[in-house]
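For reference, the chains in residue letters:
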Amino acid sequence: MMIFHKVVFLASLLHAGVASSLFNTLKTVTISGGTHGNEYTGIWCIKAIEKQREIFNAKSEAPNALSDNKVINVFTEYPSLSIKTLLANPKAYMANRRFIDTDMNREFSINKLQHSTETCSEEDDTSCKSQTSLPYESMRAKEIESMFGAPKTGSTVGGDDDANSDIVIDLHTTTANMGITLIFTEGDALMSAAAAYALHKCKTEYKYESVHILLLPKTEKKDRTHLPSIGKHDFTIEVGPTPQGVVRHDIVEQTEAALHSVLEFLHLSNVELENNTSGATILERLRSIFPNGVPCYQSAPSMGAKELHGKIQWPTLEDNPNFPAAMVHKSLQDRDYQPLRTGDPLFVGLDGAIIHYDGSYGDEVLLMFVNEGGYYYSSSGTGIGVAVSSRFDLETGNNFDA
């Protein structure tokens, strides 16, 4: 559980005011952890939230009970939000594995969700698979989507209005040197403001230097493959570096700092709307902080169904698609968000030969998820992520430089 000082950052932003008409009151927030079962930080955080729920309920029954005022209890601090948690992949969590059969964070497109419910009309029909033969994560993804009101498979228009969670925040960690990375899909104005708010607070109040926003390419919600896309709004917090299957106090603190910042923004937006009073709004304050748009990284478009963003793929061995036939060059290790130029060393082959960057994504790109352990799995999409430096508009969540 993370220890915080009571912060005054919001005093300047929570000037009572009328929230922008861009935003509506948002109540239900689902925080998921364990989408990848060996990313223990997110699991720790949701279990800590459930412990906070116990403490909150006990205090309601015994108001005079002592409590540690240095610990943020999300149910006390953000009362306008109905906060739920989700342990996304319980089998992989128990096995301390990224997944059992396949990467679950690639299983939430409408095509995959519909496939997971297919049944064979004829016993000898070999053109389709029975549900029991599907990967565990495919079936679990469909189960989770059903828990959220089947917003994708149960709707003909994409499902935004059918999702029974306003926002899903998915907690992840990475073995790469990504710092705190706040991820949302381009075009979501609410999540763009939440990300901008969290970026500013994590840097100025919590004093973290390595805080970034990653803008995923704009896609139809029904086609998004990642778990949080089953909410009306989707948001991901990714923190690293940390090993898989390990809980590190500092990484938990960074994750909770980012999470609390997002929850704080949502709660204060609700307060502004409910009070309906005059004055500077959170959005107006953010405009003054970021007058020329919010700095971010725009990920390159995905080249395959197994990827959330574009990657430079490394070659793999013929006998094992999860083992690289070339390793990341030492000059790139731990240099996430740093430039790679055409001709720079990229990989080193088994024979010691250096493979240079061929400029396939542009003469100069920025790398991310460098040597990420999860990207050694073929079902997650192997390789190094590619991005470019950009900015987005608070009003629309759209990339300024598009």
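Bear in mind that the values here come from a model prediction, so they are computed numbers and not experimental data. (Residues numbered from 1 in each chain as written. Predicted model: local features only at pLDDT ≥ 70, side-chain atom pairs only at ≥ 80, totals over all residues. Heavy atoms only, no water.)

## Some words on the overall build of the chain
When its secondary structure is counted, the chain shows 9 helices and 16 strands. Considering the chain as a whole, with its 402 residues, one finds that 53% of them fall into the buried category. (Helix = DSSP H or I, 4+ residues; strand = E, 2+ residues; numbered from the N terminus. Buried < 20%, exposed > 50% of the residue type's maximum accessible area, 1.4 Å probe, protein only.)

## Comments concerning unusual backbone geometry
The omega torsion of the bond from Gly240 to Pro241 falls at 15°, within 30 degrees of zero and hence cis. For Pro241, the location among the structural elements is in the loop between β6 (233–240) and α8 (249–275). Even without a glycine there, the phi angle at Ala150 is positive, about 50°. Tracing the chain through its elements places Ala150 in the loop between α6 (136–147) and β3 (167–173). Residue Phe369 is not a glycine yet carries a positive backbone phi of 50°. Relative to the helices and strands, Phe369 is located in the loop between β15 (364–368) and β16 (384–392). Assessed through its relative accessible area of 4%, Phe369 is described here as buried.

## Remarks on the pattern of salt bridges
Close approach of charged atoms allows side chains of opposite charge to pair. All chains considered together, the criterion is met by 17 salt bridges. The partner of Arg106 in a salt bridge is Asp103, with the nearest N and O atoms 3.7 Å apart. Salt-bridge contacts for Arg287 lead to Glu395; the nearest nitrogen and oxygen are separated by 2.4 Å. Taken together, the residues Arg287 in helix α9 (residues 282–289) and Glu395 in the segment after β16 connect sequence positions 108 residues apart. Here Arg287 falls in the partly exposed class, since its relative accessible area comes to 32%. The structure contains a network of salt bridges with shared partners spanning Glu39, Arg98, Asp103 and Arg106. (Salt bridge = Lys/Arg side-chain N within 4 Å of Asp/Glu carboxyl O.)

## So, the sheet that holds strand β14 (residues 354–356)
Across the sheet, which stays open at both edges, the 3 strands sit in the order β11-β13-β14 with antiparallel pairing between neighbours. Two strands close off the open sheet at either side, each with one partner strand: β11 (326–328) and β14. Strand-to-strand, the axes of this sheet are offset by a mean angle of 35°, without reference to chain direction. Sheet analysis places β11 next to strand β13 (residues 345–349), joined by 3 bridges and oriented antiparallel. (Pairing = 2+ DSSP bridges. Axes fitted to C-alpha atoms, helices over the stretch in contact; angles between N-to-C directions.)

## Looking at the pairing of strand β5 (residues 211–216)
Burial analysis of β5 places 6 of its 6 residues in the buried class, the great majority of the element. Where burial is concerned, the two faces of β5 agree: the one with Val211, Ile213 and Leu215 and the one with His212, Leu214 and Leu216 are both buried. The pairing of strand β4 (residues 179–185) with β5 spans 6 bridges and is parallel. When the bridges of β5 are listed, Phe184 appears paired with Leu215.

## Section: the confidence of the model for the chain
When pLDDT is averaged along the chain, the result is 87, and 82% of the positions lie at 70 or above. Throughout residues 1–21 the model reports pLDDT below 50, and contacts reaching past four residues in sequence, or to other chains, amount to 69 contacts. (pLDDT = per-residue confidence, 0-100. Contact = heavy atoms within 4.5 Å.)

## Things to note about the packing of aromatic side chains
Within this structure, the stated rule accounts for 9 aromatic pairs. A ring pair is formed by Trp314 and Phe347, whose centres lie 6.3 Å apart and whose planes are at 80°; its orientation type is edge-to-face. Pair noted here: Trp314 is in the loop between β8 (311–312) and β9 (316–317) and Phe347 is in strand β13, with a separation of 33 residues, a long-range link. The pair Trp314 / Phe347 is uniform in exposure class, with both members buried. Through a chain of ring-to-ring contacts, three or more aromatic side chains come together here, namely Trp314, Phe347 and Tyr376. Across the ring face of Tyr375, the terminal group of Lys311 is positioned such that the distance to the ring centre comes to 3.3 Å. (Phe/Tyr/Trp six-rings, centres within 6.5 Å; stacked < 30°, edge-to-face > 60°. Lys NZ or Arg CZ within 6 Å of the ring centre and 35° of its normal.)

## Topic: α8
A rise of 1.5 Å per residue sets the reference length of α8, with its 27 residues, at 39 Å; its end C-alpha atoms lie 38 Å apart and thus fit the reference within 8%. Taking burial as the measure, the 27 residues of α8 include 20 buried ones, the bulk of the element. Downstream of α8 by one or two residues, Asn276 has phi in the positive range, about 50°. (Expected span 1.5 Å × (residues − 1).)

## Considering the environment of Asn57
Tracing the sequence through the fold places Asn57 in helix α2 (residues 40–61). Note: C-alpha distance between Asn57 and Phe75 (18 residues apart in sequence) is 9.3 Å.

## Quick look at the side chain of Gln52
Residue placement: Gln52 occurs in helix α2. Residue classification places Gln52 among the buried positions, given a relative accessible area of 2%. Only 3.1 Å separates the side chain of Gln52 from the backbone nitrogen of Val74, close enough to count as a polar contact. (Polar contact = N/O pair within 3.5 Å; in protein donor to acceptor, adjacent residues only side chain to side chain.)

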